[in-house]
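Observations on chain architecture
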2 protein chains.
Amino acid sequence: MSRQRIAIIGAGPSGMAALRAFDSAQRAGAEIPEIVTYEKQDDWGGQWNFDWRSGTDRYGESVHSSMYRNLWSNGPKEALEFAEYTFDEHFARPISSYPPRAALWDYIDGRVRKSGLKDEVQFSTAVRWVDYDRDQDNFTVTVENLRSGTTSSSEFDRIIVATGHFSFPNVPEFEGIETFPGSVQHAHDFRGAENLADKRVLLIGASYSAEDIGVQAYKMGARSVTISYRTGAMGYDWPDGMEELPLVDHFEGGTVRFSDGDTREFDAVILCTGYLHKYPFLPAELALRSPNNIYPADLYRGVVWQENPGVFYLGAQDQWFTFNMFDAQAWYVRDLILGRTPLPSAEQRAAHMRTWRDRFQELGGDADDVRFQADYVRDLIDATDYPMFDLDEVVRIFLAWKGEKYENILTYRDKSYRSVLTGTVASTHHTPWLRELDDSLERYLSTPAKSELEAILDGTDPSAERLATDTPG
Amino acid sequence: MSRQRIAIIGAGPSGMAALRAFDSAQRAGAEIPEIVTYEKQDDWGGQWNFDWRSGTDRYGESVHSSMYRNLWSNGPKEALEFAEYTFDEHFARPISSYPPRAALWDYIDGRVRKSGLKDEVQFSTAVRWVDYDRDQDNFTVTVENLRSGTTSSSEFDRIIVATGHFSFPNVPEFEGIETFPGSVQHAHDFRGAENLADKRVLLIGASYSAEDIGVQAYKMGARSVTISYRTGAMGYDWPDGMEELPLVDHFEGGTVRFSDGDTREFDAVILCTGYLHKYPFLPAELALRSPNNIYPADLYRGVVWQENPGVFYLGAQDQWFTFNMFDAQAWYVRDLILGRTPLPSAEQRAAHMRTWRDRFQELGGDADDVRFQADYVRDLIDATDYPMFDLDEVVRIFLAWKGEKYENILTYRDKSYRSVLTGTVASTHHTPWLRELDDSLERYLSTPAKSELEAILDGTDPSAERLATDTPG
């Protein structure tokens, strides 16, 4: 039997986890398949690979990353830490619990930086189409090298879809929005809140995008921030100048009427209306179609496409757990491909999915969701040699984080957690998040002069005055 | 021999011209092939089908249209009039020479509205991939119905690529642009200048986008408009508050340094840096790769793909002539497909292209370009039954238009031209373009009360004060 060929589509955190999973087996002496990884961006890191562009990238492809300047992790890093590559190992010193984007990119890059794996990734290469041949039980993957414009096709035994599902915005219609004279963009295209200073900002949506872009806008001096929800308000203790209203009914020029009859004038609208599962390179019979939830249908153990178990998805769930969940998934998929773990029959897989789906449908809120996802990750790790970690403690970290956000949405990022892997307690960042206007890695890892920090804390820093009066709690 | 099958990809002005060309032959008694038209938008009209969204559309596909609110034709309609469907026939009365977007959409829609052709277009359907089978000499076209998510493949004898080339922005890198705190967008994503009021606006580019968005920004009250060119300034007699500077050297936050050493502060940047020929659904051997010019290489008579003459392109040229040129191309391609016009051998085609390319390479400026394109259109019409029209007079209209723009870039749209088809002299729009803030078809075709117009012209209209002092000439 000739050596298996595996295509990994996407080299973000999930695709990198798959590369690492195979690499780790190979370093332990296993024979691994031939692996080809396609990444449309020029570098790896997926979402964490910031692009100042919005809309389309330098090649005319849809921009992948939804990141913005001054995006700091919105959850504690202790909840996403790789069980086999700790923050201590990477940074060689304690860092804070909520690092900026650049620090997290550095961490995921650092795990594989010296592995040689990067040379195996075909960057600037977009997958155009995947064909499945039932007789051969293999896949023809057609790609375009975006730099040269050349197209080519190769055959693979299995494909791993690791393109993520927070890249294609969901942009619903709102009556009259075409008459709104201010800027209208989706959160996906938002690149920084500096230009929202003095603006009356409307965010439509009630999830992480609305929460964080709202707070960013506040941080950068928006005149007002209004967040419009469909089903329920987030209910944080918003500072003065921030409010939640029910869903937009319609726009009339710069005026917005809400479903409760309230009206407001706005200067800018940001649609925080979520993302689509979209796989334009896949025929319908291989393409996941799902709302964003923690147990998408038709994925055995969250990763094996039921209709065609030669197709694997990584990171297709809504995510409490992230990097370490992608690892658990990647290790499990690797073991299926290596034949270390047998793939159950279609009937057995269906029965397994029914059991989990039944439980999923009974979940009653965030705490239930986190525990469900922890159990899901535990189930995967149990089946592999990925290092087990204290998932119950991570659940507690998630719940504490939720609590901190309810206590103070503006300062929760200043809190510190303890690593379940190393026991290290996170350091306190030298500058409170709300006053930190520089998100570079250099600044993050620097030790500012005492006088600079004193200026920030004494209020001689330009952002301090507003903070002193407005910060609640 | 079974009936030929033709795929038209894209139902903008070019694809609609192809539909009309075949329809016209059929109405005259000819047998025509089976035609399937795929259009990713929900309606036809291509660029002229405005979408308030930018980036991606409701299905997560790249937005096609680059149009914005208050876009009025930037060239006289007398230069684009269909030779077989005049403005008089459509509007049944004279209209002005520079209609707003909605009026032009109505015109191209009107020609085919009652034809039944619309029912044959598969809307909301994106072409994912085209495969050519050399043995069968046919094409397999794989598409996704964006509403249902279903994918399917069909075989065709010939394909007509009519997707345009002003939809995928060219977004080059500029040093430090990621530090610019204001908004940064490509002209493709620009949807209206209202939110540029009081802003210091930088436009990078020196072609139609920069010219028109610059004037739009001025019209809507930008504090300043700076246009940065690479090779040469446009050189219009800009009003106070507008200027041209050489190319951006780099950004440092909100400050931009230009290659001549000048520096300026800006609030918003719009990249008017052009578009890419991009055909992500085509294998490299079928995909046109060209800069934007009036004689792209490897297209016999501007439409037949030399390497595979079963592939036709419509509207792939840079465009002085537009709608009527697309018609001439569509009629010619139709006649090739119907066998009415023989396709010369590859050698003959190559020789023909060399002749035209030699002439193209000698062209010395705009006047040369217009005459070249007029000759090109004449050559196509000569080969078909499309009605010939006075191309020399259209050349004169183009050159007069250029002159009007140099005379006054703010008022050229108030001029009137005479139709070369009907002799009708365009009417004068009831409101000078610079004071017209409503681009709807209703407003355009309305007869405003005298008092309203007097208010606008007397200066009691809010936009009048600035105009009275700033309008040059």
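Now for a quick tour of the structure. (Residues numbered from 1 in each chain as written. Chains lettered and ligands numbered in written order. Predicted model: local features only at pLDDT ≥ 70, side-chain atom pairs only at ≥ 80, totals over all residues. Heavy atoms only, no water.)

It is worth spelling out helix α7 (residues 366-382) of chain A at this point. In a regular helix each residue adds 1.5 Å, so 17 residues correspond to 24 Å; α7(A) covers 24 Å between its end C-alpha atoms and thus fits that length. Regarding α7(A), the residues found buried are Asp369(A), Val370(A), Phe372(A), Gln373(A), Ala374(A), Tyr376(A), Val377(A), Leu380(A) and Ile381(A). (Helix = DSSP H or I, 4+ residues; strand = E, 2+ residues; numbered from the N terminus. Expected span 1.5 Å × (residues − 1). Buried < 20%, exposed > 50% of the residue type's maximum accessible area, 1.4 Å probe, protein only.)

What follows concerns the pairing of strand β10 (residues 200-204) of chain B. Residue and element names in this part refer to chain B. Taking burial as the measure, the five residues of β10 include four buried ones, the bulk of the element. Bridging between β10 and strand β11 (residues 224-228) involves five bridges; their strand directions are parallel. Bridge pairing in β11 links Arg 200 to Ser 224. As a crossover connection, the stretch from β10 through helix α4 (residues 208-219) into β11 is right-handed. As paired strands, β10 and strand β16 (residues 268-271) are joined by four bridges and run parallel to one another. For Ile 204, the partnering residue across the bridge sits in β16 and is Leu 271. (Pairing = 2+ DSSP bridges. Right-handed = clockwise from strand over helix to strand, strands pointing away.)

Here we take up the packing of helix α3 (residues 101-113) of chain B against helix α5 (residues 323-338) of chain B. All names here are of chain B. Running from N to C, α3 and α5 point in directions that differ by 25°, and their axes come no closer than 13 Å. Taken together, α3 and α5 sit at an angle that is classed as roughly parallel. For the element pair α3 and α5, the recorded crossing hand is right-handed. Between α3, through Leu 104, Tyr 107, Ile 108 and Arg 111, and α5, the contact on the second element is made entirely by Phe 323, Asp 327 and Trp 331. Here the contact of α3 with α5 is built from residues that sort into five nonpolar, no polar and two charged. (Axes fitted to C-alpha atoms, helices over the stretch in contact; angles between N-to-C directions. Parallel < 35°, antiparallel > 145°, perpendicular 65-115°, else oblique. Left-handed = near helix turned anticlockwise from the far one by under 90°. Contact = heavy atoms within 4.5 Å. Nonpolar A, V, L, I, M, F, W, Y, C, P; charged D, E, K, R; others polar.)

Further remarks concern the interface of chain B and chain A. Each partner contributes to the interface: chain B provides 48 residues, whereas chain A provides 48 residues. Of the roughly 3,500 Å² buried at the junction of chain B and chain A (both faces included), carbon and sulfur atoms supply 49%. Among the residues of chain B in contact with chain A, Trp52(B), Trp129(B) and Val171(B) are the three that bury the most area, contributing 18% of the side total. A salt bridge links Arg53(B) to Glu173(A); the shortest N-O distance between them is 3.3 Å. Connecting chain B to chain A are 22 residue pairs in polar contact (both at pLDDT 80 or more). Of all the secondary structure elements, the ones that give two or more residues to the side of chain B that touches chain A are β4 (125-133), β5 (138-145), β8 (168-169) and β9 (183-186) of chain B. (Buried area = accessible area lost by both parts, 1.4 Å probe. Salt bridge = Lys/Arg side-chain N within 4 Å of Asp/Glu carboxyl O. Polar contact = N/O pair within 3.5 Å; in protein donor to acceptor, adjacent residues only side chain to side chain.)

All right, on to the relation of the copies chain B and chain A then. One copy of the chain maps onto the second through a rotation around an axis plus a translation along that axis. When chain B is fitted to chain A, the best match, at an RMSD of 0.0 Å, comes from turning it 180° and sliding it 0.0 Å along the axis. Each copy turns onto its partner about a two-fold axis. Rotation axis and chain B: the residue whose C-alpha lies nearest the axis is Gly55(B), separated from it by 1.9 Å. Taken together, the interface assignments show that 100% of the residues at the interface of chain B recur at the interface of chain A, consistent with an identical surface on both copies. (Least-squares fit on C-alpha atoms with pLDDT ≥ 70 in both.)

Residue and element names in this part refer to chain A. In space, the three strands of this open sheet follow the order β4-β5-β6, with antiparallel pairing throughout. Either end of the sheet is taken by a strand with one partner, and the two such strands are β4 (125-133) and β6 (151-156). Taking each pair of neighbouring strands and ignoring which way they run, the sheet shows an average axis angle of 20°.

Before going further, it helps to spend a moment on helix α5 (residues 323-338) of chain A. All names here are of chain A. Relative to the 22 Å expected for 16 residues at 1.5 Å per residue, α5 spans 22 Å between its end C-alpha atoms, a close match to the ideal helical length. Taken across its 16 residues, α5 has 15 buried, putting it largely inside the fold. Of the residues one or two after α5, Gly 339 is the one with positive phi, at around 80°.

All we've got here are geometric facts, nothing functional implied.
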